[in-house]
Amino acid sequence: MKLIIHGGFFSESSTNPETKAAKQTALERIVKDSYEFLKSHSALETVVHAVSLLEDDELFNAGTGSQIQSDGKIRMSAAIMNGDTQKMSGVINIEEVKNPVQVAQLLMQYDDRVLGGSGATNFARVHGFPAVSTEIPQRRLEYEAKRKANGIGTVGCVALDSNNKIAAATSTGGKGFEIPGRISDSATVAGNYANAFCGVSLTGVGEDIVSNATAAKIVTRVSDGFSLQEAFTKTFSELKPYDGFAGAIAIDGQGNMWHQDSHPSMVFASFDGENFEVFE
């Protein structure tokens, strides 16, 4: 069993030591809690559990703590993908939901598995998800000052369970100050993808990630026989012509884990029951 999570990016030059330490502590808590959950649950259930914990933590830009768009509203996106069945479900630009990834999980049961905007929000309300403001004072101050936050934020998880099944989940609060209606990569196969061979979750600039079809490329290359590291090296090299901003985490069917970013620094943590790693 293996588990790896990410919490987006931060810039070393604009993040103080206290915030860095807090993120390291939070990621360690979440990855170890989620590994305990994985012991008695599937990979798919576990990635939803882990991403829900990340959405609930104000340190990360997803769920509570999401960025505010140019019209003053918060709109979030999230997706999950079952590597075993290759079914993906997601929500795009959903509003006032505490855990968008859990709405994505419920959609897995439906034929129409990716919903956007008011349709996603209405679906959540009809199915018992109450209206919850995910705004925190820091985000409002950033919005009112018309400046961006320190970093590019998305959260994600990839898990390999005891039955060697892989799943991936990704959730984002957006990049902040975007035009309403903008589509992020998080609920697309460019930002969140899994099959029986590999699972990948992305963070970074959504437009760059979509242009490179990053997650789908990595998974496809592993499926075609590339090692996980080789798949990352090739795919990240294809971001270079336009200086693409991306970070990714992954697990393959043999339990190999990998993480890489094109710019410093993606925050991440991994745990396999014995070996723990967190960003430095």
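These numbers come from a predicted model, not from an experiment. (Residues numbered from 1 in each chain as written. Predicted model: local features only at pLDDT ≥ 70, side-chain atom pairs only at ≥ 80, totals over all residues. Heavy atoms only, no water.)

## Concerning the UniProt feature "binding site: substrate" (unreviewed entry) in the protein
To keep it simple, the criterion reads: UniProt positions are given in the numbering used here, feature names are shortened, and annotations may be inferred rather than shown by experiment. Only protein chains enter the calculation, and the probe is 1.4 Å; a residue is then buried if its accessible area is under 20% of its type maximum, exposed if over 50%, and partly exposed in between. Contacts: residue pairs with any heavy atoms within 4.5 Å of one another. The secondary structure listing takes helices from DSSP runs of H or I that are at least 4 residues long and strands from runs of E that are at least 2 residues long, numbered from the N terminus.
Within the UniProt annotation, "binding site: substrate" (unreviewed entry) is assigned to Arg 182, Ile 183, Ser 184, Asp 185, Thr 203, Gly 204, Val 205 and Gly 206. The buried category is assigned to Arg 182, whose relative accessible area is 15%. Not counting chain neighbours up to four residues away, the residues in contact with Arg 182 comprise Asn 93, Lys 175, Gly 206 and Glu 207. For Thr 203, the location among the structural elements is in strand S8 (residues 198–204). Thr 203 sits in the buried class, given a relative accessible area of 0%.

## Overview of the pattern of salt bridges
Rule in force here: Here, a salt bridge means any side-chain nitrogen of Lys or Arg that lies within 4 Å of a carboxyl oxygen of Asp or Glu.
Counted according to the given criterion, the structure contains twelve salt bridges. Among the ionic pairs, Asp 57 bridges to Arg 29, the shortest N-O distance being 3.0 Å. Residue Asp 57 is found in the loop between helix H2 (43–55) and strand S2 (76–82), and its partner Arg 29 is found in helix H1 (residues 17–38); the two are separated by 28 residues along the sequence. Judged by relative accessible area, Asp 57 falls into the buried class, the value being 12%. On the basis of relative accessibility, which here comes to 45%, the residue Arg 29 falls in the partly exposed class. Ionic pairing is found between Lys 234 and Glu 238, a salt bridge with its closest N-O pair at 3.8 Å.

## What about the sheet that holds strand S3 (residues 87–94)?
Threshold: DSSP calls a pair of strands paired once it identifies at least 2 bridges connecting them. To get an axis, a line is fitted to the C-alpha atoms, and for a helix only the part in contact is used. The angle between two axes follows their N-to-C directions and goes from 0 to 180 degrees.
Within the open sheet, the eight strands sit side by side as S4-S3-S2-S6-S5-S1-S11-S12. Their pairing is mixed. A single partner strand is all that each edge strand has here, and the edge strands are strand S4 (114–116) and strand S12 (276–278). The mean angle between the axes of side-by-side strands here comes to 5°, regardless of whether they run parallel or antiparallel. Pairing between S3 and S4: three bridges, direction parallel.

## Quick notes on the nonpolar core
Applied cut-off: Nonpolar cores are built from buried Ala, Val, Leu, Ile, Met, Phe, Trp, Tyr and Cys residues. Side-chain atoms within 4.5 Å join them into one set. Residue ranges labeled as domains rest on an automatic or database domain assignment.
Among the nonpolar cores identified, the biggest contains 81 residues, and Ile 5, Leu 27, Ile 94, Val 103, Cys 198 and Val 200 are the most heavily contacted of them. For this core, the element with the highest residue contribution is H2, accounting for seven residues. Viewed by domain, this core spans two of them, domain 1 (17–146) and domain 2 (154–278), each represented by three or more residues. With near-sequence residues (within four places) excluded, Ile 94 lies in contact with Ile 74, Arg 75, Met 76, Pro 100, Val 103, Ala 120, Thr 121 and Ala 124.

## Looking at the domain arrangement of the protein
To keep it simple, the criterion reads: Within 3.5 Å is the distance limit for a polar contact, defined as a pair of N or O atoms, with the added protein rule that one can donate a hydrogen and the other accept it, and that residues adjacent in sequence qualify only through two side-chain atoms. All amino acids are sorted into three groups, where Ala, Val, Leu, Ile, Met, Phe, Trp, Tyr, Cys and Pro are nonpolar, Asp, Glu, Lys and Arg are charged, and the leftover types, Gly among them, are polar.
In terms of domain boundaries, the protein breaks down into domain 1 (17–146) and domain 2 (154–278). A C-alpha centroid distance of 16 Å is found between domain 1 and domain 2. Across the contact, 46 residues belong to domain 1 and 46 residues belong to domain 2. At the junction of domain 1 with domain 2, the criterion picks out one salt bridge. Measuring nitrogen to oxygen at the nearest pair gives 3.2 Å for the salt bridge that ties Lys 165 to Asp 84. Put simply, domain 1 and domain 2 have 16 residue pairs in polar contact (both at pLDDT 80 or more) between them. When residues of the side of domain 1 that touches domain 2 are traced back to their parent elements, those giving at least two are H1, H2, S2, S3, helix H3 (100–107) and helix H5 (137–144). Among the elements that line the side of domain 1 that touches domain 2, the one with the most residues is H2, at eight residues. Grouping the constituent residues of the side of domain 1 that touches domain 2 by class yields 24 nonpolar, 14 polar and eight charged.

## Points about the state of the cysteines
Test applied: Only a pair of cysteine sulfur atoms within 2.5 Å qualifies as a disulfide here.
Scanning all chains against the criterion turns up zero disulfides. Cys 157 takes part in no disulfide bond, and the closest cysteine sulfur to it belongs to Cys 198, at a distance of 13 Å.

## Side note on the side chain of Arg 221
Relative to the helices and strands, Arg 221 is located in helix H7 (residues 214–223). A distance of 2.8 Å separates a polar atom in the side chain of Arg 221 from a polar atom in the side chain of Glu 238.

## Thoughts on the sheet that holds strand S9 (residues 246–252)
If you trace the four strands from one edge of the open sheet to the other, you get S7-S8-S9-S10, paired in antiparallel fashion. The open sheet has two edge strands, strand S7 (192–194) and strand S10 (257–261), and neither has a second partner. Going from strand to strand, the sheet's axes swing by 10° on average, the running direction of each strand aside. Two strands pair when backbone bridges link them, and S7 and S8 are joined in this way by three bridges, in the antiparallel orientation. Across the sheet, Tyr 193 pairs through a bridge with Val 200, a residue of S8. Lying over the sheet, H7 contacts S7, S8 and S9, oriented at roughly 155° with respect to S8.

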